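Each chain, letter by letter, is given below.
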Amino acid sequence: MGLPCCKSNSASGMAVCDECKLKFQELKAKRSFRFIVFKINEKVQQVVVDRLGETGESYDDFTACLPADECRYAVFDFDFVTDENCQKSKIFFISWSPDTSRVRSKMLYASSKDRFKRELDGIQLELQATDPSEMSMDIIKSRAL
C-alpha cells in the first residue's frame, strides 16, 4: 500500500489506509464480515487491515485471533435479541492492548486510537481490554443491552 491511499494523523503521524474504511463500510452496510482486526504497520506508520472475519465466524473465533502479546484495534458486529424479543445489532470498537505487549506499542496504539476511531463512522460502543477477561461475551452482552 502506497501513501496516496492514506491520510496522516497529525497527532501521532499515523496514517489510515483507505482499505480500513472501505472494509468497515462493508461490515456496516452490507454485513459482509463479522469482525475486522486492524494493526499498525510501524514500518510505514499506518493502520492496515490485519484480518477479516467471515459472517459465520463467532465471537470466540474473533477473540482467538487477537495476539496475546501485541496490540490491535478491532470492530465486531454483535447480533443479539433484546428482552422484548427484538433482533438487534451493535458495532463494537475494541482496543486490545495486552499487558504483555511492548510499552512503545501500547503508547502508539493509545495515541492513535481516537483519530482512527473517527475514521470509522458508525461505531456504536467502545471497549478497551488488556486481558481476555475484560472482553468476555458477558461484558459484550451487558454493554449492548
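Predicted, not measured: the structure shown is a model, and the values here were computed from it.

1. A word on the overall build of the protein chain
Tallying secondary structure elements over the protein chain gives four helices and seven strands in all. Tracing the protein chain from N to C terminus, the helices and strands come up as β-β-α-β-β-α-β-β-α-β-α. Taken over C-alpha atoms, the radius of gyration comes to 15 Å for the protein chain, in line with the 15 Å a tight globule of 145 residues would show. Looking at the protein chain residue by residue over its 145 residues, the buried ones come to 44%. Working note: accessible area of the protein chain is about 7700 Å², and carbon and sulfur atoms make up 49% of it.

2. So, the pairing of strand E2 (residues 14-17)
Neither face of E2 is left uncovered, since the one carrying Met14 and Val16 and the one carrying Ala15 and Cys17 both have all their residues buried. Strand direction decides the pairing type here: E2 and strand E4 (residues 46-54), joined by two bridges, are parallel. Among the inter-strand pairings, alanine 15 is bridged to a residue of E4, identified as glutamine 46.

3. What about the pairing of strand E7 (residues 125-129)?
Of the two faces of E7, the one lined by Leu125, Leu127 and Ala129 is fully buried and the one lined by Glu126 and Gln128 carries no buried residue. Here strand E6 (residues 87-96) pairs with E7 via five bridges, running parallel. Residue phenylalanine 93 lies in a different strand from E7, and its bridge partner there is glutamate 126. For the crossover that starts at E6, traverses helix H3 (residues 103-119) and ends in the parallel E7, the hand is right-handed.

4. Observations concerning the pattern of salt bridges
Evaluation of the coordinates by the stated rule reveals 15 salt bridges. Among the salt bridges present, the one from glutamate 26 reaches lysine 23, with a minimum N-O distance of 3.9 Å. Of this pair, glutamate 26 and lysine 23 both sit in helix H1 (residues 18-30), three residues apart, which is roughly one turn of that helix. Each of Asp18, Lys21, Arg115 and Glu119 takes part in a single network of salt bridges with overlapping partners.

5. A few points about H3
Under the 1.5 Å per step criterion, the end-to-end length of H3 is 25 Å for 17 residues, consistent within 8% with the ideal 24 Å. A maximum bend of about 50° is found in H3 at lysine 113. Of the residues making up H3, those classed as buried are Ser105, Leu108, Tyr109, Ser112, Lys113, Arg115, Phe116 and Glu119.

The rules behind the values
Residues numbered from 1 in each chain as written. Predicted model: local features only at pLDDT ≥ 70, side-chain atom pairs only at ≥ 80, totals over all residues. Heavy atoms only, no water. Helix = DSSP H or I, 4+ residues; strand = E, 2+ residues; numbered from the N terminus. Rg over C-alpha atoms; globule rule 2.2 N^0.38 Å. Buried < 20%, exposed > 50% of the residue type's maximum accessible area, 1.4 Å probe, protein only. Areas by Shrake-Rupley, 256 points an atom, 1.4 Å probe, with all protein chains shown as cover. Pairing = 2+ DSSP bridges. Right-handed = clockwise from strand over helix to strand, strands pointing away. Salt bridge = Lys/Arg side-chain N within 4 Å of Asp/Glu carboxyl O. Expected span 1.5 Å × (residues − 1). Bend = angle between axes of the 7 residues up to and from the residue.

All we've got here are geometric facts, nothing functional implied.
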